[in-house]
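Residue strings, one per chain:
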Amino acid sequence: MATPPKRSDPFGAFLASQALWREAAQSGEHAELSLQDINEIQLLLRGQSVIDWHRLALTSDDDVRRLLALNGVELSDARDVARLADLRQQAVRYISDVLKLRLDEQIADKAPWVQLPLIASGKAGPQQRQACTLLKVMHILYHLDAREMRASLAISDSEIFSLVEESVTRMFDELRTAGVPVVEFSWSRKTKESQVTKLLLKKETNAARVFDRLRFRLIVRDPADLVPTLRIMLHRCIPFNYVVPDQTVNTLIDLNSLKVMGASASFDTEASTRAQPGLNEFSGKGFHVLNFVADLPVRVDSLLPPEHEEKRGRVVFVLAEFQVMDKRTAEANEQGESSHAEYKRRQHQHVRMRLLREPRDGG
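Conventions we followed
- Residues numbered from 1 in each chain as written.
- Predicted model: local features only at pLDDT ≥ 70, side-chain atom pairs only at ≥ 80, totals over all residues.
- Heavy atoms only, no water.
- Salt bridge = Lys/Arg side-chain N within 4 Å of Asp/Glu carboxyl O.
- Buried < 20%, exposed > 50% of the residue type's maximum accessible area, 1.4 Å probe, protein only.
- Core = buried A, V, L, I, M, F, W, Y, C linked by side-chain atoms within 4.5 Å.
- Helix = DSSP H or I, 4+ residues; strand = E, 2+ residues; numbered from the N terminus.
- 1 Å grid on protein atoms, 1.4 Å probe; cavity = no way out; pocket = protein on both sides within 12 Å on 5 of 7 lines; lining within 4 Å.
- Points joined across faces, edges and corners; volume = space filled by probe spheres on them.
- Nonpolar A, V, L, I, M, F, W, Y, C, P; charged D, E, K, R; others polar.
- Expected span 1.5 Å × (residues − 1).
- Contact = heavy atoms within 4.5 Å.
- Polar contact = N/O pair within 3.5 Å; in protein donor to acceptor, adjacent residues only side chain to side chain.
- Patch = residues over 30% accessible without salt bridge, like charges linked within 9 Å, V, L, I, M, F, W, Y side chains within 5 Å.
- Areas by Shrake-Rupley, 256 points an atom, 1.4 Å probe, with all protein chains shown as cover.
- Pairing = 2+ DSSP bridges.
- Phe/Tyr/Trp six-rings, centres within 6.5 Å; stacked < 30°, edge-to-face > 60°.
- Lys NZ or Arg CZ within 6 Å of the ring centre and 35° of its normal.

Novice: Just checking my understanding: could you explain the pattern of salt bridges for this structure?
Specialist: Opposite charge on two side chains lets them pair, provided their charged atoms get close. Scanning the model with the defined rule gives 15 salt bridges in all. A salt bridge links aspartate 222 to arginine 221, with the shortest nitrogen-to-oxygen separation between them at 3.6 Å. Judged by relative accessible area, aspartate 222 falls into the partly exposed class, the value being 28%. Overlapping salt bridges bring together Asp77, Arg79, Asp80, Arg299, Asp301 and Arg314 as one network.

And the structure:
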C-alpha cells in the first residue's frame with residue numbers, strides 16, 4: 001500500500017515545554033512530569049517489561065480510568081466490567097492454584113477496579129505486592145485472550161490497521177491541539193517486498209517477528225520537545241504496559257535527564273540493566289533515532305459478528321512501530337551513508353550475498 005501523504009506543520013505554535021503547561025491548564029493535570037510519567041517514559045526508552053515493575057505510581061481515580069481506557073477498557077460499559085471480573089477470577093485461580101500464593105480477600109475479590117491500581121501504587125506491604133501480582137497476571141491473560149480471539153475472527157489485517165491509523169491520527173491532532181511543534185507526521189504499511197527483504201535478513205525467518213508492518217513517524221522541532229511529546233503519546237494513545245520489551249533503540253534521549261528528586265524506580269533495577277539493542281546493522285554510523293514497538297489494543301466492536309461471545313472481550317492487539325526524532329536529527333539522517341536509499345542498498349546487497357553464498361570447502 002502506498003504511503004499516505006505526510007501531514008506537516010512547518011512552524012509549530014509552541015515549544016513543547018509551553019505545550020505541557022497548556023495541556024495542564026486544559027486538563028487539570030500537573031504541568032511537570034509526574035513519577036508515573038517518568039517511569040512510563042523510562043520503560044519505553046529502556047525497552048523494559050512492566051512485569052519487572054514492583055509498584056505503580058498512579059495517584060487518582062482519573063489516572064486509573066485513563067490507563068484502563070488506553071487498554072481498551074471503559075468502566076462505564078457493563079460488558080467491560082464483566083470482562084474485568086472474569087479476568088480477575090482467572091488470575092486469582094492461577095496465582096492460588098499454580099503459584100500456590102495466597103491473596104487477601106480484599107485483593108482477590110472485594111476491592112473495586114479503580115482501587116486495585118491505586119493499592120498497587122501505595123505504600124509497600126502485603127496488599128500492595130498482591131495487587132501488583134494480580135494486575136500483572138491479568139495483564140498477561142488479557143493479552144493472550146485478545147490474541148486468541150484475533151486469530152479466530154474473520155477480520156482482515158487491512159480493516160484492523162485502518163482502525164489503528166485512525167486512532168494514531170487522532171493522537172496527532174491532539175498533539176497539535178496541545179501545542180506540540182510537530183514538523184512532520186506520516187505513516188505507512190510495510191510492503192510485501194520489504195517484508196520479504198526483512199525476513200531474508202533475519203536469522204529467524206518467522207513472519208510473526210516482523211514488528212513494523214505498520215509504522216508511524218513523528219518529527220518535532222527541537223530535541224527538548226521529545227520527552228513532552230512522549231508523555232502526551234503515552235497519555236493519549238500508547239499504553240506503556242504494552243510497549244514491546246527489548247525492541248527500543250534510543251540514541252536521542254539521555255536517560256539521566258529523567259530524574260525525580262527523592263523518587264525510587266518502579267522497576268527491578270537488575271532486570272533493567274540488560275543491554276538495549278543497538279542500531280540496525282544496516283543503518284549508517286551517524287544515524288540517530290528513537291524507535292520503539294507497541295502492541296496496541298484496538299476495540300473492534302463494529303467488526304464483531306452477532307454471535308460473538310462477550311466473555312472473549314472486544315479488543316484485539318496490533319503491533320506498530322513508532323519512530324520519533326527532532327527536525328535537525330531527521331535532516332542529518334538523510335545525508336550520505338545515513339540516508340534511507342543507502343540503508344536499502346546495504347540491505348539488498350546483504351540479501352544477495354546470503355542467497356548466492358556458495359558452500360564452504362569441505363562443507
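Novice: What exactly am I supposed to notice about the nonpolar core here?
Specialist: One broad rule of soluble globular proteins: the nonpolar side chains tend to lie buried together. Among the nonpolar cores identified, the biggest contains 82 residues, and Leu134, Val168, Phe216, Met233, Ile238, Phe292 and Phe322 are the most heavily contacted of them. At nine residues, the largest contribution of residues to this core is made by helix H7 (residues 126–152). If you look at the next biggest cluster of nonpolar residues, it comprises six residues, including Ile219, Val249, Val289 and Met325.

Novice: What is the right way to read empty space enclosed by the protein from this model?
Specialist: If a probe as big as a water molecule is rolled over the atoms, it shows which places are left empty. In total, this model carries two cavities of 30 Å³ or more according to the counting rule given. If you add up the space inside the largest cavity, you get close to 500 Å³. In terms of lining, the largest cavity is formed by 26 residues, of which the most central are Leu67, Leu68, Leu135, His139 and Asn241. Where the lining of the largest cavity is concerned, the elements lending two or more residues are helix H3 (61–70), helix H4 (78–98), helix H6 (115–120) and H7. Per-class residue counts for the lining of the largest cavity are 20 nonpolar, four polar and two charged.

Novice: Quick question: what am I supposed to make of H4 here?
Specialist: A rise of 1.5 Å per residue sets the reference length of H4, with its 21 residues, at 30 Å; its end C-alpha atoms lie 30 Å apart and thus fit the reference within 8%. Three or more residues of H4 are buried, namely Asp80, Arg83, Leu84, Leu87, Arg88, Ala91, Val92 and Ile95. In the core, the buried residues of H4 are packed alongside helix H5 (105–110), H6, H7 and strand E5 (290–299). Of the residues that open H4, the one with a side-chain oxygen 2.9 Å from the backbone nitrogen of arginine 79 is aspartate 77.

Novice: Just to check I follow, could you spell out the environment of leucine 116 for this structure?
Specialist: Relative to the helices and strands, leucine 116 is located in helix H6. Sequence separation between leucine 116 and cysteine 132 is 16 residues; the distance between their C-alpha atoms is 8.4 Å. Excluding residues within four positions of it along the chain, leucine 116 makes contact with Arg88, Ile107, Ala111, Ala131, Leu134 and Leu135.

Novice: Would you mind showing me how to read H3 here?
Specialist: Because the α-helix completes a turn every 3.6 residues, residues three or four places apart line up on one side. Among the residues of H3, those classed as buried are Val64, Arg66, Leu67, Leu68 and Leu70. Against the buried residues of H3 lie helix H2 (35–46), H6, helix H10 (226–236) and E5. A positive backbone phi angle near 85° is found at glycine 72, which sits one or two residues after H3.

Novice: Any chance you could explain a nonpolar patch on the surface here in plain terms?
Specialist: A cluster of nonpolar side chains, contributed by Tyr94, Val98, Leu99 and Leu101, occupies part of the molecular surface with about 350 Å² of accessible area. Position of leucine 101 relative to the elements: it lies in the loop between H4 and H5.

Novice: Quick question: what am I supposed to make of the pairing of strand E6 (residues 315–326) here?
Specialist: Two faces belong to every sheet, and in a regular strand the side chains alternate between them. Taken across its twelve residues, E6 has twelve buried, putting it largely inside the fold. Burial along E6 is two-sided: Val315, Phe317, Leu319, Glu321, Gln323 and Met325 and Val316, Val318, Ala320, Phe322, Val324 and Asp326, pointing in opposite directions, are all buried. Two elements, strand E3 (residues 214–220) and E6, share six bridges in a ladder whose sense is parallel. The residue bridging leucine 218 from the neighbouring strand is valine 324, located in E6. Note: E5 against E6, ten bridges, orientation antiparallel.

Novice: Any chance you could explain the side chain of aspartate 326 here in plain terms?
Specialist: Here aspartate 326 shows up in strand E6. Among the polar contacts made by the side chain of aspartate 326, one reaches the main-chain amide nitrogen of arginine 328 at a distance of 3.3 Å. Side chain to side chain, aspartate 326 and threonine 329 meet in a polar contact 2.8 Å long. When near neighbours in sequence (up to four residues on either side) are disregarded, aspartate 326 contacts Ile219, Val220, Arg221, Asp222, Pro223, Leu226 and Leu252.

Novice: Quick question: what am I supposed to make of the packing of aromatic side chains here?
Specialist: One pass over the full model with this rule turns up six aromatic pairs. Both rings, one in tyrosine 142 and one in phenylalanine 317, keep their centres 6.0 Å apart while their planes meet at 85°; by these two values the pair is edge-to-face. Linking tyrosine 142 in helix H7 with phenylalanine 317 in strand E6, this pair joins segments that are 175 residues apart in sequence. In this structure an aromatic cluster arises from ring pairing among Phe185, Phe216, Phe292 and Phe322. The residue whose ring lies beneath arginine 88 is tryptophan 113, and the NZ or CZ to ring-centre distance is 4.8 Å.

Novice: When you look at unusual backbone geometry in this model, what are you seeing that I'm missing?
Specialist: Positive phi values are uncommon outside glycine, yet lysine 100 reaches one of about 60°. The exposed category is assigned to lysine 100, whose relative accessible area is 66%. The residue aspartate 246 is not glycine, and still its phi comes out positive at about 65°. Along the polypeptide, aspartate 246 turns up in the loop between H10 and strand E4 (249–250).

Everything listed is a geometric property; what it means functionally is a separate question.
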